[in-house]
Amino acid sequence: MLFDVPIGKCLLNSLMVCGGASVLSCLVGFVLAYCVELLQIPGRKWFRLFICSFVLLPLYVQAIAWSAGFGNQGWLRWNQVTAASSNGYAVAACIWIHGCASLPISFCLLSIALGRAADRVYQMAMIEGPPISAFFHVILPRAIPWISCNFLLIFVLANSDMIITNLFQVPTLTEVLYQQVQFDRVTSVPVAIALGYSFLLAVFSGILLGRLRGFRWSQFSYARTESHALHGLGYRLVAWVVAVCLVVVFFVIPILSLVVKSGWQVTIVDAEIVRQWRMNATIQSFRAVQSFQQECVWSLLLSFYSLVVTIGLALWLIVLAQRSTMSAMVWGVMAFCLALPGPIINLLLQSILVNQTGVLGEIAERSLLAPILALQFRTVPFAFGLLWLSVVRFQSRYSDILAIDATAYFKHWRAFAKTLVLIAFVVFFISFANLETYLLVLPPGVTTLSLRMFELLHYGTQNKESVLALTLVIASSVIGFAILRLGDYLQR
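Residues numbered from 1 in each chain as written. Predicted model: local features only at pLDDT ≥ 70, side-chain atom pairs only at ≥ 80, totals over all residues. Heavy atoms only, no water.

1. Re the overall build of the protein chain
Put simply, the rule reads: By the criteria applied, helices consist of DSSP H or I runs no shorter than four residues and strands consist of E runs no shorter than two, each listed in order from the N terminus. The rule is simple: take the accessible area with a 1.4 Å probe, protein chains only, and divide by the maximum for that residue type; under 20% is buried, over 50% is exposed, in between is partly exposed. The contact definition used throughout considers only heavy atoms, calling two residues in contact when any of these lie within 4.5 Å. Residue burial considers only the protein chains on display, and all accessible areas are found by Shrake-Rupley using a 1.4 Å probe.
Looking only at helices and strands, one finds 22 helices and two strands in the protein chain. Counting across all 492 residues of the protein chain, residues that qualify as buried make up 51%. Taking contacts inside the protein chain between residues at least 6 apart in sequence as the whole, the part at least 24 apart equals 81%. Looking at the protein chain as shown, the accessible area adds up to about 22700 Å², and 68% of this sits on carbon and sulfur atoms.

2. What about unusual backbone geometry?
With phi around 55°, Q169 is a residue other than glycine that occupies positive phi space. One can find Q169 in the loop between α8 (163-167) and α9 (173-182). Of note, the phi angle at D184 is positive, near 55°, even though the residue is not glycine.

3. Points about the packing of aromatic side chains
Test applied: Ring pairs are drawn from Phe, Tyr and Trp, using the six-membered ring of Trp, whenever the two centres fall within 6.5 Å, and their geometry is named by plane angle: stacked under 30 degrees, edge-to-face over 60, tilted for the rest.
On inspection of all chains with the given rule, the structure shows eleven aromatic pairs. Grouped by ring-pair contacts, the aromatic residues F50, F54 and F251 constitute a single cluster.

4. Notes on the environment of S450
By secondary structure assignment, the location of S450 is in helix α21 (residues 449-457). Look at S450 and you get buried, because its relative accessible area is 0%. Spatially, the C-alpha atoms of S450 and L435 are 6.0 Å apart, while their sequence positions differ by 15 residues. Filtering out sequence-adjacent residues up to four positions away, S450 remains in contact with Y60, S299, F432, A433, N434, L435 and Y438.

5. Focus: the packing of helix α15 (residues 342-354) against helix α16 (residues 359-366)
To keep things clear, this is the line we draw: Helix axes are fitted to C-alpha atoms over the stretch in contact, other axes to C-alpha atoms as well, and angles between N-to-C directions run from 0 to 180 degrees. Here the word oblique covers every angle except those under 35 degrees (roughly parallel), over 145 (roughly antiparallel) and from 65 to 115 (roughly perpendicular). Residues were grouped as follows: Ala, Val, Leu, Ile, Met, Phe, Trp, Tyr, Cys and Pro as nonpolar; Asp, Glu, Lys and Arg as charged; and all remaining residues, including Gly, as polar.
For the pair α15 and α16, interaxial distance at closest approach is 9 Å and the crossing angle is 125°. With respect to α16, the axis of α15 lies oblique. Side by side, α15 and α16 meet where I352, L353 and V354 of the first sit next to L360, G361 and A364 of the second. Taken together, the residues that form the contact of α15 with α16 break down as five nonpolar, one polar and no charged.

6. Re the state of the cysteines
Put simply, the rule is: Disulfide assignment relies on a single distance test, namely cysteine sulfur atoms paired within 2.5 Å.
Enumeration over the complete set of coordinates arrives at zero disulfides. Take C52: it sits in no disulfide, and the sulfur closest to it among the cysteines is that of C108, at 3.2 Å. By relative accessible area, which is 7% here, C52 ends up buried.

7. Digging into the pattern of salt bridges
Under the convention used in this document: Salt-bridge detection follows one rule: a side-chain nitrogen of Lys or Arg within 4 Å of a carboxyl oxygen of Asp or Glu.
Under the counting rule described, the total for this entry stands at five salt bridges. Between E455 and R452 there is a salt bridge, and its shortest N-O distance comes to 2.8 Å. Placement of both E455 and R452 in helix α21 is noted, with a separation of three residues, approximately one turn of the helix. By relative accessible area, E455 is classed as partly exposed at 32%. Residue R452 is classed as partly exposed on the basis of its relative accessible area, which comes to 25%. Counted as one network, the salt bridges with shared partners bring together E295, R452 and E455.

8. Let's talk about the nonpolar core
Where we set the bar: To form a nonpolar core, buried Ala, Val, Leu, Ile, Met, Phe, Trp, Tyr and Cys residues must be joined to one another through side-chain atoms within 4.5 Å.
Core analysis: the largest hydrophobic core is formed by 95 residues, its most contacted members being L32, Y60 and F168. For this core, the element with the highest residue contribution is helix α5 (residues 87-117), accounting for 13 residues. Among the nonpolar cores identified, the runner-up in size contains 21 residues, and A314, L320, V391 and V392 belong to it.

9. Some details on the confidence of the model for the protein chain
Note the following rule: Here pLDDT means the predictor's own confidence in every residue, given as a number from 0 to 100.
In this model, the protein chain carries a mean pLDDT of 79, and residues with pLDDT of at least 70 account for 78%. Throughout residues 210-225 the model reports pLDDT below 50, and contacts reaching past four residues in sequence, or to other chains, amount to 33 contacts.

10. Points about the environment of F384
For F384, the position within the fold is in helix α17 (residues 369-397). On a C-alpha basis, the gap between F384 and L313 in space is 8.4 Å, while along the polypeptide they are 71 residues apart. Not counting chain neighbours up to four residues away, the residues in contact with F384 comprise A314, L317, I318, A321, V330, W331 and M334.

11. Quick look at the side chain of S431
Relative to the elements of secondary structure, S431 occurs in helix α20 (residues 413-433). Not counting chain neighbours up to four residues away, the residues in contact with S431 comprise S303, S306, L375 and T379.

12. Some thoughts on the packing of helix α3 (residues 59-70) against α21
The test is simple: Should the near helix be turned counterclockwise from the far one by less than a right angle, the crossing is left-handed, whereas a clockwise turn marks it as right-handed.
Contact geometry of α3 with α21 gives a least axis separation of 10 Å together with a crossing angle of 30°. For the element pair α3 / α21, the angle class is roughly parallel. Along this stretch, α3 crosses α21, giving a crossing that reads as left-handed. Listed contacts from α21 to Y60, A63 and I64 of α3 are L449, S450, M453 and L457. Among the residues making up the contact of α3 with α21, the classes are represented as six nonpolar, one polar and no charged.

13. Points about the environment of E436
Here is the rule: Residues adjacent in sequence count toward polar contacts only when both atoms are side-chain atoms; beyond that, a polar contact is any pair of N or O atoms within 3.5 Å, and within protein one must be able to donate a hydrogen and the other to accept it.
Here E436 shows up in the loop between α20 and α21. With near-sequence residues (within four places) excluded, E436 lies in contact with S160, D161, M162, G342, P343, N346 and R378. At a separation of 3.3 Å, a polar atom in the side chain of E436 contacts the side chain of R378. A polar contact is formed between the side chain of E436 and the side chain of N434, at a distance of 3.1 Å.

Here is the structure:
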């Protein structure tokens, strides 16, 4: 058990996993964004759509995909059992999977950063000097704030999760907290450190983001330049090769691993182990996916109820954030909720709801109230952030109308309706994919798809799990593509 690991080792492992995943994600995401947005390589639109469509892919699907290709029955046989015997190997596996899972987010944020940096100043720098000088003197200084925010976001997301660290038995602070809460061995030091870390992040975010209330959307807008004309053909060809290689390594290989694993069979013929792929096994695996029907229903119900509550809370918080005295406080609370590790959320809900006797305990045992409340710690910050950006954009575009007619908000309700549809997609899939926030507060008899996949991961990836993960990849990609199209429509 990991609940009694020394706190110093936990902090070191947390720093290595979260910091390593953030560095990997930021570095690869920056290279891809630079190739697509600045060098504007051939097929850049399809690169952008393909990468961004994986933003909503659940973390456990990434774990299943890499385990399918390199797991116990894969061609390299890289699994959690082997990793458990080597702490360095296990930490590297956690860094890799977390970095791959957060890469689409990094690409999206850094693409925005580089796109806004490529203005007329960048054009003049490209004309007057070599590309390397324009990069270091114009692009990089403007992108550093975005890179820092992206690094912080990936660090927070990796620190809040315990699915991968539990799979590879890496004693990070969050993993130790999870096992302490699970086995009722909670100690004060890990809890205090986790709360202090979340509080410091909340204070920093509240001070920084609360001041952006008066920021006009025009300061974010930019006119996309034809920057590919500023670079030679050689630059663009090299960038295209680099982008293709990165996409193959971080996106295509795990998907192909799921396809191969769906029909992968290991048999013994004449005392020899024979590994081969068969179409019949893939068809049987697709039929076996029906066994997850009940888990899928629970996940859909939980996601829908969580969506309804999240929209209501986000709208209420937006009203509060419009007051100058409350803006920084609201942003601080949102940052605190997002940074709070999942085991702390479970412990909080156990103490105030699940472990109570009487009416509260009865409600927690017979309803989805506890997991719905737990999910709000993850969904409300994202919903609030998207809605806040929409309000800022609306205020900057219609500031003159708002000064004359305060009811302009209601007259242009369609602008907010479109944003709410976008938020609904995002919140629904976050609720569907999340697990660490409600893992220990699920009522008896309720097993979501995330929980079932988390349990099966510990026994290695089998054929039907690969098919289910492949189905989720397709569904996430289709929904992600729809969100991108909706986002383009909202910009009009």
